[in-house]
Amino acid sequence: MPKAVYETIESLYTIPAFVRICWAIVREKPDFVYERYNLFFPAGVWAARLLRIPIVLEVNAPLFEERAKFDGISLKVLARWSESFVWRSVDHVLPVTDVLAHRVRATGVPASRIEVVHNGIDQKKFGEPERGAALRRRMGLSAKFILGFVGFARAWHGLDRVLRYIARRRDGDLHLLLVGDGPVRIELEQLARQLGVEDSLTVTGIVSRDEVADYIHAFDIALQPAVVEYASPLKLFEYMACGKAIVAPRSPNIMEIVDDGVHAILFEPATPESLEVALDALWRDSDLRHRLGLAAAKRIFERRLTWDDNAARVATIGCQLVMRRGTAR
């Protein structure tokens, strides 16, 4: 379908959505509306304004910028307007990183209406490390040193660099465990064969959310080899909750969460050998891995990076907006 046609249909969906949201508000009588931002979608703002109810907006990405860069946008004027209109019209914006908050402020949203709420973890799902050891045995990886990655792997994640690292360090029983799938899977498997390390790569395919923690507990080093500059990567928090030694790029959004040498080892993304240096440091030093893992797990609770805490923060913001509306009346 041509982009202009698709985007027109996409934007027109806001009309039936507006009716459905209004009906839901009338029926349920909520104190405030919580919406996850999407492009071409002012329906929530329109409904909240019509029915005079506060609205809070979670923003995970600057979608106009992201779609224009990766997919292309035909209706640029409408798309840019819809993003700016929604961000500036809600009562409170909740970007997931400080980096993203800067982009929101640049559209004219006052800092007083912005609060960063990073992603988090479900505490109940990350507390059984012994299940990782059992999983290693089932997979025949008990004797391996596992470099682990969770997610939908794409070329920009740079997992090919990890395979090349394994090929150059053949003396350590290193093994790359990719928990998930992705469009780069075939290329990685081909590269592993070319490098002669096909036995050092395992790709699980898609696993259920309830199994993810078991796999992370099986890692020796947890990999965040690349990151979108404004994102709040969920895998980082899950690695931390499992008390894993983490290797991640030295980028502002990562440094909002972890300190280099304290909670993780950070490498320079623009320097190819920097990743290898970081991996070497952790591979050869079990005490360092243990120390970083403990500090990372502790950081989760120091910073209250859990979904329950996020929900409590959002509820507090919502209550404040409701009280402010009541006072204004």
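A few points on the structure. Quantities reported herein were computed from a predicted structural model and do not represent experimental measurements.

**Some points on unusual backbone geometry**
At Phe40, a position not held by glycine, the phi torsion is positive, near 60°. Along the chain, the position of Phe40 falls in the loop between strand 1 (33-36) and helix 3 (43-51). The class for Phe40 is buried, based on a relative accessible area of 2%. Its identity is not glycine, yet Arg52 carries a phi of approximately 55°, on the positive side. Of note, Arg52 is situated in the loop between helix 3 and strand 2 (55-59).

**Focus: the sheet that holds strand 7 (residues 221-223)**
Pairing in this open sheet of six strands is parallel, and the strands run 6-5-4-7-8-9 from one edge to the other. With partners counted over all chains shown, the strands left at the sheet margins are strand 6 (201-203) and strand 9 (265-267), one partner each. Averaged over all pairs of adjacent strands, the angle between their axes in this sheet comes to 20°, without regard to strand direction. Pairing between strand 4 (residues 145-152) and strand 7: two bridges, direction parallel. Counterpart to Gly148 in the pairing with strand 7 is Ala222. On the sheet, helix 11 (residues 234-241) packs against strand 4, strand 7 and strand 8 (245-249) and is oriented at approximately 140° with respect to strand 4. Along the sheet, helix 13 (residues 272-283) contacts strand 4, strand 5 (174-181), strand 7, strand 8 and strand 9; its crossing angle with strand 8, the most-contacted strand, is approximately 170°.

**Re the pairing of strand 5**
A large share of strand 5 lies buried, amounting to seven of its eight residues. As defined by bridge partners, strand 4 adjoins strand 5 across eight bridges and the pair is classed as parallel. In the strand pairing of strand 5, Ile146 is matched with His175. The pairing of strand 5 with strand 6 spans three bridges and is parallel. Looking across to strand 6, one finds that Leu177 is bridged to Thr202. Handedness of the crossover is the feature at issue here: the chain leaves strand 5, passes through helix 9 (residues 185-195), returns alongside strand 6, and the resulting connection is right-handed.

Rules used throughout
- Residues numbered from 1 in each chain as written.
- Predicted model: local features only at pLDDT ≥ 70, side-chain atom pairs only at ≥ 80, totals over all residues.
- Heavy atoms only, no water.
- Helix = DSSP H or I, 4+ residues; strand = E, 2+ residues; numbered from the N terminus.
- Buried < 20%, exposed > 50% of the residue type's maximum accessible area, 1.4 Å probe, protein only.
- Pairing = 2+ DSSP bridges.
- Axes fitted to C-alpha atoms, helices over the stretch in contact; angles between N-to-C directions.
- Contact = heavy atoms within 4.5 Å.
- Right-handed = clockwise from strand over helix to strand, strands pointing away.

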